[in-house]
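Architecture at a glance
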2 protein chains.
Amino acid sequence: MPAGRYHHGDLRTALLDAAEELIRAKGADGWSLREASARVGVSPSAAYHHFDSRDALMAALYDRLLVRLAERLAAAVARVPDGPARLVAYGRGYLRWALEEPALAALPAGGKRTTVVSRHPHDVLVAELDRLVAGGHLPARARPGAEFVVWPAVHGLARLVTDGHMRFDNDAEVDLHTERLTLAVLNGLIHEPPGTWAAARSPHTERLER
Amino acid sequence: MPAGRYHHGDLRTALLDAAEELIRAKGADGWSLREASARVGVSPSAAYHHFDSRDALMAALYDRLLVRLAERLAAAVARVPDGPARLVAYGRGYLRWALEEPALAALPAGGKRTTVVSRHPHDVLVAELDRLVAGGHLPARARPGAEFVVWPAVHGLARLVTDGHMRFDNDAEVDLHTERLTLAVLNGLIHEPPGTWAAARSPHTERLER
DNA sequence: ACAGAAATCTGAACACTGTTAAGATGGGGC
DNA sequence: GCCCCATCTTAACAGTGTTCAGATTTCTGT
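Computed from a prediction, not measured in an experiment: that's the story for all the values here.

Right, let's get into the domain arrangement of chain A. All names here are of chain A. Examined at the domain level, chain A breaks down into domain 1 (7-50) and domain 2 (66-190). In this structure, domain 1 and domain 2 have C-alpha centres spaced 30 Å apart. Together domain 1 and domain 2 conceal approximately 450 Å² of surface at their shared face, both sides included; 61% is due to carbon and sulfur atoms. Summed over the three residues of domain 1 that lose the most area to domain 2, namely Glu 20, Ile 23 and Arg 24, the buried surface amounts to 78% of that side. On inspection of domain 1 and its partner domain 2, the count reaches two salt bridges. We note a salt bridge from Arg 68 to Glu 20, for which the minimum N-O separation is 2.8 Å. Inspection of the region where domain 1 meets domain 2 yields two residue pairs in polar contact (both at pLDDT 80 or more). Tallied by class, residues from the side of domain 1 that touches domain 2 come to two nonpolar, one polar and two charged.

Have a look at this one:
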């Protein structure tokens, strides 16, 4: 790891760190493999022993971010007592993260998932919805596929904000609006006419298939 | 416009067309200014007499797409009688478009808006929500800022699909799920406790300021 | 301890990119 | 008919992702 060494030690994560920092500073397109390599003190071609391509590096970085976000959301939710407030905390955590790191939150999907992510924000949401049902805050008949109603809403708000399509005056306004959105969706699920979507099949996700 | 001419005629829109087709074929990052210029039969630097940069071209293309989507949504909605079904038609139109042209739907925000877009999908949604209130399908007290609840939901579902995070088996499943999402949000707004969000200030949009 | 194999990194090269500057070309207004 | 200006070209620059042959280090088995 010191300057003199020929083998870096853990070049893979060092490159991920460098890329992450560059993206944070200059946006998702503002970094280059060469610049990241130079920052780590390594030749441009060294990266190809750890990643198939530049895009593969981004995909790996994306996976790392997902895990980090999932842990953050799980922690944020855990601080709140049972009830709809927990779902609000989920949404708020999601948006806070998007606001703090807009460049990272707007990272491209990365296409093919290389390794299965250990913990996904989606998992946290699923667990939270199950908890709402168990606590009697959400009717069991509305539960199937409910994550595919809440997830788009929260994710959509986050993307609209990071992409600059929606702007808030301050963080308090963001929280307030996130709460409104989350509770509206939850309320909508609660008041869903019985049996309406029983026949609907849920979409697929990286987390669901195999 | 024929091969022999020195002046192209309408190089600006020709470049936009070429870029659009390349993006449609090879993704948002799969096109280059040079390739688009070559396809139009013009030197690489000619584009700089019509656009400040590659990003500026993308921003202009993005604006053009927004207008096209807005017209499409307005037409889709116009075919449906008054009531919640119109909002469902809006969402369905949004998602159909995203499914048909995923590469274009996932275009980056483009940053600074250069010219004010003549007609924005957001405008169509606003008009639709006003119509719901006028027809008695949405309480007036839930109206303020309601577009910032519906928009994220629909937009979020579209992006999750175009980014490959959510996959459906066929178009019918997409429609069904879009309907569930849209109606859930609308129902949530209808059952909103009175006066809850009266103090909340709405976020800003390109359409709202000035 | 020593050989050989495997992993890791370098250096040079290729094709390609966005962007700029200086000059050629041709159409529109007086 | 003339000049001006928008338009386009040619040439070049710096920087990019990627590949390949070879140098260097660590690992493995005996």
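The next point concerns the protein's contact with DNA strand C. A:Ser43, A:Ser45, A:His49, B:Leu33 and B:Arg34 are the nearest of the 20 residues found near DNA strand C. Of everything in DNA strand C that lies within 4 Å of the protein, sugar and phosphate atoms constitute 51%. Between DNA strand C and the protein, one listed contact pairs a base nitrogen with a side-chain N or O atom of A:His49 at 2.8 Å. Residues of the surface near DNA strand C, tallied by class, amount to seven nonpolar, 10 polar and three charged.

With that settled, consider the packing of helix 6 (residues 121-134) of chain B against helix 7 (residues 147-162) of chain B. Residue and element names in this part refer to chain B. As a packed pair, helix 6 and helix 7 sit with axes 10 Å apart at the nearest point and diverge in direction by 125 degrees. Here helix 6 is positioned oblique relative to helix 7, judged by the angle of their axes. Judged by the twist between their axes, the crossing of helix 6 over helix 7 is right-handed. Across the interface between the two elements, His 122, Leu 125, Val 126 and Leu 129 from helix 6 touch Glu 147, Phe 148, Val 150 and Trp 151 from helix 7. Taken together, the residues that form the contact of helix 6 with helix 7 break down as six nonpolar, one polar and one charged.

Take the UniProt feature "DNA-binding region" (unreviewed entry) in chain A next. If you check UniProt for "DNA-binding region" (unreviewed entry), the listed places come out as residues 32-51 of chain A in our numbering. Along residues 32-51 of chain A, the helical share is 40% and the strand share 0%, with 14 Å between the first and last C-alpha atoms.

Another point: the side chain of A:Arg180. If you trace the backbone, A:Arg180 turns up in helix 8 (residues 171-190). Its relative accessible area of 5% is what places A:Arg180 among the buried residues.

This paragraph deals with the relation of the copies chain A and chain B. Each of the two chain copies goes to the other by way of a rotation about an axis and a shift along it. With an axial shift of 0.0 Å and an RMSD of 0.0 Å, the rotation relating chain A to chain B amounts to 180 degrees. Such a combination of turn and shift is consistent with a two-fold rotation axis. Most of the interface of chain A is mirrored in chain B, where 100% of its interface residues are also at the interface.

It is worth spelling out the interface of chain A and chain B at this point. Every contact between the two is made by 45 residues of chain A and, on the other side, 45 residues of chain B. For the pair chain A and chain B, the two sides together bury roughly 4,200 Å², of which 59% comes from carbon and sulfur. At the junction of chain A with chain B, the criterion picks out six salt bridges. Residues B:Arg159 and A:Asp163 are paired through a salt bridge, measuring 3.8 Å at the closest nitrogen-oxygen approach. At the surface where chain A touches chain B, the tally comes to 18 residue pairs in polar contact (both at pLDDT 80 or more). Broken down by class, the residue content of the side of chain A that touches chain B amounts to 23 nonpolar, 11 polar and 11 charged.

What follows is about the packing of helix 7 (residues 147-162) of chain A against helix 8 (residues 171-190) of chain B. In contact at an axis separation of 10 Å, helix 7 of chain A and helix 8 of chain B are set at 70 degrees when each is read in the N-to-C sense. As summarised for this structure, helix 7 of chain A and helix 8 of chain B are arranged roughly perpendicular, according to the angle between their axes. The handedness of the crossing between helix 7 of chain A and helix 8 of chain B is right-handed. Residues A:Phe148, A:Val149 and A:Pro152 of helix 7 of chain A form the contact with helix 8 of chain B, whose participating residues are B:His177, B:Arg180, B:Leu181 and B:Ala184. A class-by-class count of the residues in the contact of helix 7 of chain A with helix 8 of chain B yields five nonpolar, one polar and one charged.

Here we take up helix 6 (residues 121-134) of chain A. In an α-helix, one turn spans 3.6 residues, which is why side chains three or four residues apart end up on the same side. All names here are of chain A. Along its 14 residues, helix 6 runs 20 Å from first to last C-alpha, staying within 8% of the 20 Å computed at 1.5 Å per residue. Residues Pro 121, His 122, Val 124, Leu 125, Glu 128, Leu 129 and Leu 132 constitute the buried set of helix 6. Within helix 6, the buried residues cover an arc of 155 degrees as seen down the axis, which keeps them to one side. If you follow the buried residues of helix 6, they end up packed against helix 3 (54-78), helix 4 (84-100), helix 7 and helix 8. Following helix 6 by one or two positions, Gly 136 adopts a phi angle in the positive range, close to 80 degrees.

Criteria and thresholds
- Residues numbered from 1 in each chain as written.
- Chains lettered and ligands numbered in written order.
- Predicted model: local features only at pLDDT ≥ 70, side-chain atom pairs only at ≥ 80, totals over all residues.
- Heavy atoms only, no water.
- Domains from an automatic or database assignment.
- Buried area = accessible area lost by both parts, 1.4 Å probe.
- Salt bridge = Lys/Arg side-chain N within 4 Å of Asp/Glu carboxyl O.
- Polar contact = N/O pair within 3.5 Å; in protein donor to acceptor, adjacent residues only side chain to side chain.
- Nonpolar A, V, L, I, M, F, W, Y, C, P; charged D, E, K, R; others polar.
- Near = heavy atom within 4 Å.
- Axes fitted to C-alpha atoms, helices over the stretch in contact; angles between N-to-C directions.
- Helix = DSSP H or I, 4+ residues; strand = E, 2+ residues; numbered from the N terminus.
- Parallel < 35°, antiparallel > 145°, perpendicular 65-115°, else oblique.
- Left-handed = near helix turned anticlockwise from the far one by under 90°.
- Contact = heavy atoms within 4.5 Å.
- UniProt positions renumbered as here; feature names shortened; annotations may be inferred.
- Buried < 20%, exposed > 50% of the residue type's maximum accessible area, 1.4 Å probe, protein only.
- Least-squares fit on C-alpha atoms with pLDDT ≥ 70 in both.
- Expected span 1.5 Å × (residues − 1).
- Arc of directions from axis to C-beta.

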